[in-house]
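# A look at the structure
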Amino acid sequence: MLGPFDFVVWLAGFLAEVFVLAWATHDRTLWRHRALLLYVAALAIDEILSFVILRRYGFTSNEYIYYYYYSDAVLTLLMFLAIMGLCARIFREQERSGRLRALTLIILATVALYAAAITLVKHQVLATHFAGEFCGGLYFTGMVMTYLVWVLLLSRRDPRLRLVLLVSAFGIYFGGQSAASALQSLFPALTALHYLSPMMGACLPVSLAYTFSWVSEEARIPLEQLAGVW
Amino acid sequence: MHELLVLVLASILTLYLGIRYWRALLWSASQHKLSDATRELGEWIDGPHGEQSLAVVCALLRVCPKLERGGDRKLIIVGLYDRLLGVTEKLLPKPGGEKNPWIAAERRACAYFAAILLDQRITRTSQWYAGQVTDSST
């Protein structure tokens, strides 16, 4: 059964998604991030559908469990498209884009194969287990992908603030989801861990809403402002 | 074993990107230019002891009339971050009593952030008073 905390987290995420979409209709410069907007639109639709299924069938129903895992897998794949879109924006301004693109594609393919291999080796016949494992693998792949995009960003001498915030937000999301997924596998009895994943899911649209509404496309952050800790 | 490896890697990368995200966020928030009302305060923050100026800016914020409801949540988070930096500085003292330049820069950014909030509050209050004066004259 969902409590007030779950509802607040769900509402915060949903409102942030609607805000991003509304802001995109107001600020046409955001249409450059088409893949990202498509992902946010899919997220908003998913929030509505999952709410309807939850109300109709209940939290512990097979319908909801199947819907949750498979929609999560589809959304994560859409998120990859969004990251590839960010990547394309960085490549567009790199001088040696050909070599870097080839190198990144090789690394991405390796990581994707690794995720699929781990899933195939470990999954049982149950479809939900497969979806769960597949999501965990996708999160890990996404984390590595985002980190590569981050390295590309740092290779520029004047990273754009909007891209810095977007890429790091995605990295935190994927890293956090991977960690939460691993923790759930290691400690399945720990119920507090079930709050981690929805919270991470709500933080990403909130972060996107902040970035799009407060940070201008032209804002750039000096590299030394980002470095300095490690 | 596989899960443990994923957990360690994911935790390190999340922490790393989390710190970078926070720095970018703080930097973006402190990039707004101050108006004439608080420009001197900004210059003072940039001065030699500017890293300790958050408390003073917060005191000024408290005495400035506030029109909006609710607390300054952003300021609470920044205040906590400033305190964390202060504690870190005390725990890791440099030989010869030198200041850690990174911590000093971060604490300055915190103070600057509070100065922006003060600036916004002064602007809003001035606009409100200006509106009141116009209303009473008409």
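Residues numbered from 1 in each chain as written. Chains lettered and ligands numbered in written order. Predicted model: local features only at pLDDT ≥ 70, side-chain atom pairs only at ≥ 80, totals over all residues. Heavy atoms only, no water.

Looking only at helices and strands, one finds five helices and zero strands in chain B. When the helices and strands of chain B are listed from N to C terminus, the series reads α-α-α-α-α. Burial status across chain B gives 40% buried among its 138 residues. A separation of at least 24 residues holds for 78% of the contacts in chain B among residues at least 6 apart in sequence. (Helix = DSSP H or I, 4+ residues; strand = E, 2+ residues; numbered from the N terminus. Buried < 20%, exposed > 50% of the residue type's maximum accessible area, 1.4 Å probe, protein only. Contact = heavy atoms within 4.5 Å.)

This paragraph deals with the nonpolar core. Tyr39, Phe170, Phe174 and Leu208 of chain A are the most contacted members of the largest nonpolar core, which totals 57 residues. Listed by contribution, the elements that provide at least two residues to this core are helix 1 (4-26), helix 2 (34-57), helix 3 (62-91), helix 5 (127-155), helix 6 (161-186) and helix 7 (196-214) of chain A together with helix 1 (2-29) of chain B. Contact partners of phenylalanine 170 of chain A, with chain neighbours within four places excluded, come to Leu36, Tyr39, Met79, Ala82, Ile83, Leu86, Thr146, Leu204 and Leu208 of chain A. Leu75, Val78, Ala109 and Ala114 of chain B belong to the second-largest nonpolar core, a separate cluster that totals 25 residues. (Core = buried A, V, L, I, M, F, W, Y, C linked by side-chain atoms within 4.5 Å.)

Before going further, it helps to examine the interface of chain A and chain B. Of the residues lining the interface, 36 residues belong to chain A; the matching set on chain B comes to 25 residues. In total, chain A and chain B occlude about 2900 Å² of area from one another, counting both sides; carbon and sulfur atoms represent 74% of this. Where chain A meets chain B, there are zero salt bridges. Summed over the shared surface of chain A and chain B, the result is four residue pairs in polar contact (both at pLDDT 80 or more). Mapped by element, the contributors of at least two residues to the side of chain A that touches chain B are helix 4 (97-122), helix 5, helix 6, helix 7 and helix 8 (223-226) of chain A. The dominant element in the side of chain A that touches chain B, judged by the number of residues it contributes, is helix 6 of chain A, at 15 residues. By residue class, the composition of the side of chain A that touches chain B is 24 nonpolar, nine polar and three charged. (Buried area = accessible area lost by both parts, 1.4 Å probe. Salt bridge = Lys/Arg side-chain N within 4 Å of Asp/Glu carboxyl O. Polar contact = N/O pair within 3.5 Å; in protein donor to acceptor, adjacent residues only side chain to side chain. Nonpolar A, V, L, I, M, F, W, Y, C, P; charged D, E, K, R; others polar.)

This part takes up the packing of helix 1 of chain A against helix 7 of chain A. Each pair of packed helices gets described by two things: the angle between the helix axes and the distance between those axes. All names here are of chain A. Two elements in contact, helix 1 and helix 7, have axes whose closest approach is 8 Å; the angle formed by their N-to-C orientations is 30 degrees. Compared by their axis directions, helix 1 and helix 7 come out roughly parallel. The two elements helix 1 and helix 7 cross, and the hand of that crossing is left-handed. Residues Phe5, Val9, Ala12, Gly13, Ala16, Glu17, Phe19, Val20 and Trp23 of helix 1 lie in contact with helix 7, whose contacting residues are Pro198, Met199, Ala202, Pro205, Val206, Leu208, Ala209, Phe212 and Ser213. (Axes fitted to C-alpha atoms, helices over the stretch in contact; angles between N-to-C directions. Parallel < 35°, antiparallel > 145°, perpendicular 65-115°, else oblique. Left-handed = near helix turned anticlockwise from the far one by under 90°.)

Time to look at the pattern of salt bridges. Residues and elements named next belong to chain B. Scanning the entire structure with this criterion turns up three salt bridges over all chains. Of the charged contacts in the structure, one is a salt bridge between arginine 107 and aspartate 82, with a shortest N-O distance of 3.1 Å. Remark: aspartate 82 occurs in helix 4 (residues 73-91) and arginine 107 occurs in helix 5 (residues 101-137); sequence separation between them is 25 residues. Pair check on accessibility: arginine 107 and aspartate 82 agree, each one buried. When salt bridges that share partners are traced, they join Asp82, Glu89 and Arg107 into one network.

Together, Leu186, Phe187 and Leu190 of chain A together with Leu4, Val8 and Ile12 of chain B make up a nonpolar patch on the protein surface, roughly 520 Å² of accessible area in all. Of all the elements, helix 1 of chain B adds the most residues to the nonpolar patch, at three residues. Summarising the element assignment, leucine 186 of chain A is placed in helix 6. In this structure leucine 186 of chain A comes out as partly exposed when scored by relative accessible area, which is 31%. (Patch = residues over 30% accessible without salt bridge, like charges linked within 9 Å, V, L, I, M, F, W, Y side chains within 5 Å. Areas by Shrake-Rupley, 256 points an atom, 1.4 Å probe, with all protein chains shown as cover.)

With that settled, the discussion passes to helix 6 of chain A. Taking 1.5 Å of rise per residue, 26 residues should cover 38 Å, and helix 6 of chain A covers 37 Å from first to last C-alpha, within 8% of that figure. Of all 26 residues in helix 6 of chain A, 21 are buried, a share of seventy percent or more. (Expected span 1.5 Å × (residues − 1).)

All names here are of chain A. Within the element layout of this structure, glutamate 17 appears in helix 1. It turns out glutamate 17 is buried and unbridged, and the closest side chain with the opposite charge, arginine 55, is 17 Å from it. Not counting residues within four places of it along the chain, the set of residues in contact with glutamate 17 comprises Val40, Leu43, Ala44, Glu47 and Pro205. (Lys, Arg positive; Asp, Glu negative; His and termini not counted.)

The subject of this paragraph is the environment of glycine 171 of chain A. Along the chain, the position of glycine 171 of chain A falls in helix 6. Given a relative accessible area of 3%, glycine 171 of chain A falls into the buried group. Distance from glycine 171 of chain A to isoleucine 83 of chain A, taken between C-alpha atoms, is 10.0 Å for residues 88 residues apart in sequence. Each residue touching glycine 171 of chain A, except ones within four places of it in the same chain, is listed here: Thr146 of chain A together with Leu17 of chain B.

Below, the discussion takes up the side chain of serine 71 of chain A. Residue and element names in this part refer to chain A. Mapped onto the fold, serine 71 is located in helix 3. Looking at serine 71, its side chain comes within polar contact range of the main-chain oxygen of tyrosine 67, at 2.7 Å. At 3.1 Å, the side chain of serine 71 and the backbone oxygen of tyrosine 68 are in polar contact.

With that settled, the discussion passes to the confidence of the model for chain B. All names here are of chain B. Here chain B shows a mean pLDDT of 77. Residues at 70 or above account for 86%. Per-residue pLDDT, averaged within each element of chain B, yields its smallest value for helix 2 (residues 36-46) (76) and its largest for helix 3 (residues 54-63) (83). If you check the scores for this complex, the pTM reads 0.69 and the ipTM reads 0.71. (pLDDT = per-residue confidence, 0-100.)

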